[in-house]
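Descriptive structure summary
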Amino acid sequence: MAAETGTAARQPSMTRGLTLLFALASGAAVGNLYWAQPLLETIAREFHTTTASAGWLVTATQIGYAVGILLIVPLGDVVDRRRLIAAMMLASAGVLVACALAPTFAFLLVALCLLGITTIAGQILTPLAGDLADDAHRGRIVGTVVAGILTGILASRAVSGLVAGVGGWRLVYGAAAVAMVLLAGLVWRALPPLERKARVAYPKLLASVGAVVVRERAVRWTLILSTTGFAVFTLFWTSLTFLLAETPFHYPVSVIGLFGLVGIAGAVTAQRAGRLHDRGWSLPATGIAWVLVLASFVIAAFSGSAVWMLVLVVFLLDIAIQGQNVLNQTRLLSLSHEGRSRINTVYVTTNFIGGAIGSGRRGPALVRRRLDGDQPRRGRLEPRGPRGVGAWPPRSARDRLTPWRPLPSEGQLLKVSS
């Protein structure tokens, strides 16, 4: 995979402190992708757009992230990663400032796409942690860093909602910019210069990213599992944002963001999945994680307006998705020393393509679901009474994502469909 291999002048060991710094910096970088998720209703109101259009803010960020992963992360195998990590964190800080000052929805959409491209430091730090860890503890160390990433994804929702509730959504991006500058300085001080692992021309470097997928059957199956899991994950969280903002909940962004705290508990629990890899139980544990995913969606189907059941679903789903992410990524990073950044590139790119599909489908699907739920269909009883008594399926199974409202007029239907 590499043409010529070099050695680092001074190889730091993965101490507990350095592992935690990697986890914190990675979580903050990836968290930048999700600041907008609990703010979609608020941003849509400010820029006078629809919630379906606002859903594309998350999608644009994830598409940009996939581009950044594909074009920048492979450089981790051929350049000084200390410089690369610091440069990307500072670049993302600059784009965060642009997001905070966005004058129009279109400007914010473009800025968030650029944010996705630049906020990829976490995906350079993760394979670096795999390089610096010894074989006996690689699963635990990589699991801790990945858990930091997953915690950042979930904590960003809670922090975003709370900060926006106090100072508005623009303050969220301004504060994130300051945090990125501070963390860039800490990482720069903690790491010595790291010599390149290989000398490969950039076109050949990018071409070698796909070669590992063609060559390794285990990589292909792991990518299918991880991409499907991440699509389910983002579909659920984007749907949950809209669900909690509307009937019957009508929660403000500060409360919606708190649901991310439940997910953090799941991510912390899933961190121990790395230890299962070290013990040789990676594949059985991945199967158990998928059983939990299915169980969480069965519970969600009967949750209705019961908040405690939604909390349980969030907890179970996050344990399952986060646990299998730790196992999948650790399994892939164990395949090669010289090409870990490129393997990680394939893994994260496919994950976030799945994530973009999941979040992008939710907004349009929500609009169609409302129209479908509100219009009488042949062979279905028309709703009667203030809570739609007589409608089938009952409210607990059908209308939790299709809040009850009077049937729209023909003019309203034409307006929405156009």
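What counts, and at which threshold
- Residue positions are counted from 1 within each chain, in the order its sequence is given.
- Per-residue local features of the predicted model are confined to residues with pLDDT of at least 70, and side-chain atom pairs are confined, for both listing and counting, to 80 or more; whole-chain, interface and lining totals are unaffected and use all residues.
- Only hydrogens and water are set aside; all other atoms, that is, all heavy atoms of the structure, feed into the side-chain values.
- Secondary structure elements are defined from DSSP: runs of H or I of at least 4 residues count as helices, runs of E of at least 2 residues count as strands, and each element is numbered from the N terminus.
- The predictor reports its confidence for every residue as pLDDT, a score running from 0 up to 100.
- Contacts are assigned to residue pairs that have any heavy atoms within 4.5 Å of one another.
- To estimate how far a helix should reach, multiply one less than its number of residues by 1.5 Å.
- Three exposure classes are used, based on accessible area relative to the maximum for each residue type with a 1.4 Å probe and protein chains only: buried under 20%, partly exposed in between, and exposed over 50%.
- To pair, rings of Phe, Tyr and Trp, with the six-membered ring standing in for Trp, must have centres within 6.5 Å; the planes then decide the type, stacked if under 30 degrees apart, edge-to-face if over 60, and tilted in the middle.
- The rule is short: NZ of Lys or CZ of Arg within 6 Å of the ring centre and within 35 degrees of the ring normal puts a charge over the ring.

**With respect to the environment of leucine 24**
Relative to the helices and strands, leucine 24 resides in helix H1 (residues 16–31). When the C-alpha atoms of leucine 24 and threonine 144 are compared, they prove to be 9.9 Å apart, with 120 residues separating the residues in sequence.

**Notes on the confidence of the model for the protein**
Summing up the model confidence of the protein, the mean pLDDT is 79 and the portion of residues at 70 or higher is 82%. Put simply, helix H16 (residues 410–417) is where the protein has its lowest mean pLDDT, 35, and helix H4 (residues 81–100) is where it has its highest, 96. Taken together, the stretch residues 363–418 has pLDDT below 50 and engages in 65 contacts with residues farther than four places along the chain or on a different chain.

**Things to note about helix H3 (residues 51–71)**
Look at H3: 31 Å from first C-alpha to last across 21 residues, which is about the 30 Å you get at 1.5 Å a residue. By the criterion of burial, H3 is predominantly enclosed, with 15 of the 21 residues buried.

**Side note on the packing of aromatic side chains**
Scanning the model with the defined rule gives nine aromatic pairs in all. Each ring, one from phenylalanine 47 and one from phenylalanine 105, has its centre 6.3 Å from the other, and the planes form 65°; the classification is edge-to-face. Of the two residues, phenylalanine 47 sits in the loop between helix H2 (40–46) and H3 while phenylalanine 105 sits in helix H5 (residues 105–118), which places them 58 residues apart along the sequence. Phenylalanine 105 carries the same exposure label as phenylalanine 47, and that label is buried. Directly above the aromatic system of tryptophan 188 lies the positively charged group of arginine 82, at a separation of 3.7 Å from the ring centroid.

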